[in-house]
Amino acid sequence: LRARVALHPDFRVGPIDRRLFGSFVEHLGRAVYTGIYEPGHPTADEHGFRRDVAELTHELGVTMLRYPGGNFVSNYVWEDGVGPVEDRKPFLDLAWRTVEPNTVGTDEFLRWAEREGIEPMMAVNLGTRGVAAAAALVEYCNGEAGTRWADLRIANGRAEPYGVRLWCLGNEMDGPWQIGHKDAHEYGKLAAEAGKAMKLVDPSISLVVCGSSSMQMDTFGEWEQTVLSYTYDLVDHISMHAYYEELAGDRASFLGSGTAMDRFIDRVVASADAVGAARRSDKRITISFDEWNVWYLQSRFPGETNLPVQRDAPRIIEDVYSALDAVVVGDLLVTLLNHADRVPVAALAQLVNVIAPIMTEPDGEAWRQPTFHPFATTARLARGEVLDVRVEVPTTPTRAHGDVPLVTAAATHDPATGAVALFLTNRSAEPVDVDVDHLGLSIDLTEGWRMVADHEAAVEGPAHARKVLDACWSAVDVASTTRSSGAGAARTTVTLDPE
Ligand code: AHR
């Protein structure tokens, strides 16, 4: 098999917003308790946060973290999670039917994120609460001394405003499982009023309005257009969420997940732009892809009332990933990079223990799942601008997505350093020679990094490998110099071999 990838430094998709390499910490299962936070753990810092997890988070290259949910946020009373810990009361989180001890709340999380140099993205509860609680939380986080909620923060020991810039107007409000689920008109009106009040507290914040929970939702498309009809002038981003899995052994469709994500992004962009066009607006709504990953959904779904209430950080949706899953994660990153012009913000859901690249044992080790590697490598190598690569490659039929390309590619170029990186996925079981035509760039391959789907060595942790047989994802770091104009084409061939 042969493919051709053409790139040129003058043809670009756009600059990479570093927030593309975000992740997500929800009060769910062991994401917080025994995940990021475990006082008494041998690596815990003086605040009770695990240093081993923080170090892996840095190695993963995470730039931004969404908090505190997820489904959890839709019944969260943030005021119960601030102030002296001994005065805080546990509450029953209805999303996951788990007792939340309220030991970690807004201040603990924001201080940890600040110490670690990671940008926080906060979500407000638009399920069981509304305008006043949302505006109060912005004031608590960002207000200057002299008003009620800012003064409460100061009384709780934090003088300086946290300056949280990114705010989600609720979570998955289109989902019937969401506590306080609404139809698009109800939600659109509430989001507009909450967002208006939040921006009156702090006009510098950016707002994310909820899009659809997935492309499979019955209301997809209409939801985006209705919600934006109320919020277009107010918000900056619309959210997208997507989880992929291998269903009934249909590996070809699973490996084509990046194509499904690509079409999903195109459709949301089209829906948002249709609203903008009808308003004759020059404003462009961009996307916050604030939940994406591989997730074997069967393991648990919110809204299950037949399970007993759980306490003490139960193990919920702790998916065990294979190297095949890692190939798909790498390929999803290729898709996100190729939409850098419209997707500035994204979050791998989630960071630790819950469908996560980082796993922990209470009082024990922290380790990397296979999906850790493509994320960490992409976050490290993708610098500067995404190039508008052209890929010529045969397609293959899939049951779920129709024809999908057998090879996908993204390339980045940092004009400041000249660094070029290539990210390539071979979705077939055969080796593919990829001719990379790099007109305008002279390149020498300096580092090759491969995630091969049957490469068990890439799997860490206690006996988690699932052997699979095909496909690979590669990142190629390239030292480059810009060729003078007229210097002609240059070709470098990269072989993507799943063996
Ligand atoms: O990430 C796990 C859950 O998936 C989140 O709580 C929710 O927003 C989504 O359905």
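About the cut-offs
- Residues numbered from 1 in each chain as written.
- Predicted model: local features only at pLDDT ≥ 70, side-chain atom pairs only at ≥ 80, totals over all residues.
- UniProt positions renumbered as here; feature names shortened; annotations may be inferred.
- Helix = DSSP H or I, 4+ residues; strand = E, 2+ residues; numbered from the N terminus.
- Buried ≥ 20, exposed ≤ 12 C-beta atoms within 10 Å, placed from the backbone.
- Contact = placed C-beta atoms within 7 Å.
- Arc of directions from axis to C-beta.
- Pairing = 2+ DSSP bridges.
- Axes fitted to C-alpha atoms, helices over the stretch in contact; angles between N-to-C directions.
- Near = placed C-beta within 6 Å.
- Nonpolar A, V, L, I, M, F, W, Y, C, P; charged D, E, K, R; others polar.
- Left-handed = near helix turned anticlockwise from the far one by under 90°.
- Core = buried A, V, L, I, M, F, W, Y, C linked by C-beta atoms within 7 Å.
- Domains from an automatic or database assignment.
- pLDDT = per-residue confidence, 0-100.
- Parallel < 35°, antiparallel > 145°, perpendicular 65-115°, else oblique.

- If you look the protein chain up in an unreviewed UniProt entry, it shows as non-reducing end alpha-L-arabinofuranosidase from Oerskovia douganii.
- Recorded in UniProt under Sequence similarities (unreviewed entry), the annotation for the protein chain is "Belongs to the glycosyl hydrolase 51 family."
- The UniProt entry for the protein chain carries this comment under Catalytic activity (unreviewed entry): "Hydrolysis of terminal non-reducing alpha-L-arabinofuranoside residues in alpha-L-arabinosides."

## Examining the overall build of the protein chain
For step 1, the next point in the chain: Each helix and strand in the protein chain was counted, giving 10 helices and 24 strands.
For step 2, the next point in the chain: Out of the 499 residues in the protein chain, the part that is buried amounts to 52%.
For step 3, the next point in the chain: Within the protein chain, residue pairs in contact and separated by at least 24 positions form 77% of the contacts whose partners lie at least 6 positions apart.

## Overview of helix 6 (residues 222-231)
Since the α-helix turns once every 3.6 residues, residues separated by three or four places project in the same direction.
For step 1, the next point in the chain: Buried residues of helix 6: Trp 223, Glu 224, Val 227, Leu 228, Tyr 230 and Thr 231, and no others. The buried residues of helix 6 occupy one face: seen down the axis, they fall within an arc of 155°.
For step 2, the next point in the chain: Those residues of helix 6 hidden inside the fold are in contact with helix 5 (184-201), strand 9 (206-209), strand 10 (237-244) and helix 8 (257-278).

## Points about the sheet that holds strand 9
For step 1, the next point in the chain: Around the barrel, which closes on itself, the eight strands sit in the order 3-4-7-8-9-10-11-12 with parallel pairing between neighbours. Each adjacent strand pair in this sheet contributes to an overall mean axis angle of 30°, direction not counted.
For step 2, the next point in the chain: With three bridges joining them, strand 3 (residues 22-24) and strand 4 (residues 64-67) adopt parallel strand pairing. When the sheet's bridge partners are listed, Phe 24 is paired in strand 4 with Arg 66.

## What to know about the pairing of strand 4
For step 1, the next point in the chain: Burial along strand 4 is two-sided: Met 64 and Arg 66 facing one way and Leu 65 and Tyr 67 facing the other are all buried.
For step 2, the next point in the chain: Of the strand pairs in this sheet, strand 4 and strand 7 (residues 119-124) are connected by four bridges, and their pairing is parallel. If you follow Met 64 over to strand 7, its bridge partner there is Glu 119.

## Quick word on the site of the ligand
For step 1, the next point in the chain: Surveying the vicinity of the ligand reveals the residues Glu 26, Leu 28, Gly 69, Gly 70, Asn 71, Asn 171, Glu 172, Glu 291, Ala 349 and Gln 350.
For step 2, the next point in the chain: Class assignment for the residues of the shell around the ligand results in two nonpolar, five polar and three charged.

## With respect to the packing of helix 6 against helix 8
For step 1, the next point in the chain: Here helix 6 crosses helix 8 at 40°, and the two axes come no closer than 9 Å. Handedness of the crossing formed by helix 6 with helix 8: right-handed. Here Glu 224, Gln 225, Leu 228 and Ser 229 of helix 6 come into contact with helix 8, specifically with Val 268, Ser 271, Ala 272, Ala 274 and Val 275.
For step 2, the next point in the chain: Here the contact of helix 6 with helix 8 is built from residues that sort into five nonpolar, three polar and one charged.

## Considerations on the nonpolar core
For step 1, the next point in the chain: In terms of nonpolar packing, the biggest core is built from 152 residues, with Leu 65, Trp 167, Leu 169, Ala 191, Ile 358 and Ala 409 touching the most fellow members.
For step 2, the next point in the chain: Looking at which element gives the most residues to this core, the answer is helix 9 (residues 323-338), with 11 residues.
For step 3, the next point in the chain: Split by domain, this core shows at least three residues from each of two domains, domain 1 (4-8 + 387-496) and domain 2 (17-383).
For step 4, the next point in the chain: With near-sequence residues (within four places) excluded, Ala 191 lies in contact with Leu 126, Leu 169, Gly 170, Val 209, Val 227, Tyr 230 and Thr 231.

## A look at unusual backbone geometry
For step 1, the next point in the chain: Residue Tyr 67 is joined to Pro 68 through a cis peptide bond whose omega torsion reads 0°.
For step 2, the next point in the chain: For Pro 68, the position within the fold is in the loop between strand 4 and strand 5 (91-93).
For step 3, the next point in the chain: Between Ala 349 and Gln 350 the backbone carries a cis peptide bond, its omega angle lying at 0°.
For step 4, the next point in the chain: Relative to the helices and strands, Gln 350 resides in the loop between strand 12 (345-348) and strand 13 (358-360).

## Description of the confidence of the model for the protein chain
For step 1, the next point in the chain: Put simply, the protein chain has an average pLDDT of 90, and 89% of its residues get 70 or more.
For step 2, the next point in the chain: Residue range residues 481-487 is modelled with pLDDT below 50. Its contacts to residues more than four positions away, or to other chains, number nine contacts.
For step 3, the next point in the chain: Complex prediction metrics read pTM 0.93 and ipTM 0.99.

## Digging into the environment of Val 77
For step 1, the next point in the chain: Positionally, Val 77 belongs in the loop between strand 4 and strand 5.
For step 2, the next point in the chain: Taking the C-alpha atoms as reference, Val 77 lies 8.9 Å from Thr 128; in sequence the two are 51 residues apart.

## So, the sheet that holds strand 24 (residues 491-496)
For step 1, the next point in the chain: Within the open sheet, the four strands sit side by side as 16-1-21-24. Their pairing is mixed. Of all the strands in the sheet, the pair left with one neighbour each is strand 16 (390-392) and strand 24. On average, each strand axis in the sheet is tilted by 20° relative to the strand beside it, whichever way the strands run.

## Side note on the packing of helix 3 (residues 131-142) against helix 5
For step 1, the next point in the chain: As a packed pair, helix 3 and helix 5 sit with axes 8 Å apart at the nearest point and diverge in direction by 25°. Accordingly, the angle class assigned to the pair helix 3 and helix 5 is roughly parallel. For helix 3 against helix 5, the interelement crossing comes out right-handed. Of the residues in helix 5, those in contact with Val 131, Ala 134, Ala 135, Val 138 and Glu 139 of helix 3 are Glu 193, Ala 194, Ala 197, Met 198 and Val 201.
For step 2, the next point in the chain: Residues of the contact of helix 3 with helix 5, tallied by class, amount to eight nonpolar, no polar and two charged.

## Points about the pairing of strand 10
For step 1, the next point in the chain: Judged by how many residues are buried, strand 10 sits mostly within the fold: seven of eight residues are covered.
For step 2, the next point in the chain: Relative to strand 10, strand 9 runs parallel, the two sharing two bridges. The residue of strand 10 that forms the bridge with Val 208 is His 237.
For step 3, the next point in the chain: Where strand 10 lies against strand 11 (residues 286-294), seven bridges are found, and the strand directions are parallel. Bridge pairing links Tyr 243 to Asn 293 in strand 11.

## Some remarks on the environment of Val 53
For step 1, the next point in the chain: Looking at the element boundaries, Val 53 is found in helix 1 (residues 51-60).
For step 2, the next point in the chain: For Val 53, a count of 23 C-beta atoms within 10 Å corresponds to the buried category.
For step 3, the next point in the chain: Residues Val 53 and Ala 366, 313 residues apart in the sequence, show an inter-C-alpha distance of 6.4 Å.
For step 4, the next point in the chain: Dropping the residues within four chain positions of it, Val 53 is found in contact with Gly 35, Ile 36, Val 352, Ile 358, Thr 360 and Ala 366.

## Let's talk about the environment of Val 393
For step 1, the next point in the chain: By secondary structure assignment, the location of Val 393 is in the loop between strand 16 and strand 17 (395-398).
For step 2, the next point in the chain: Between the alpha carbons of Val 393 and Ile 118 there is a distance of 39 Å; along the sequence they are 275 residues apart.
For step 3, the next point in the chain: In this view, Val 393 contacts Ala 3, Pro 405, Leu 406 and Val 407; residues no more than four positions away in its chain are not counted.

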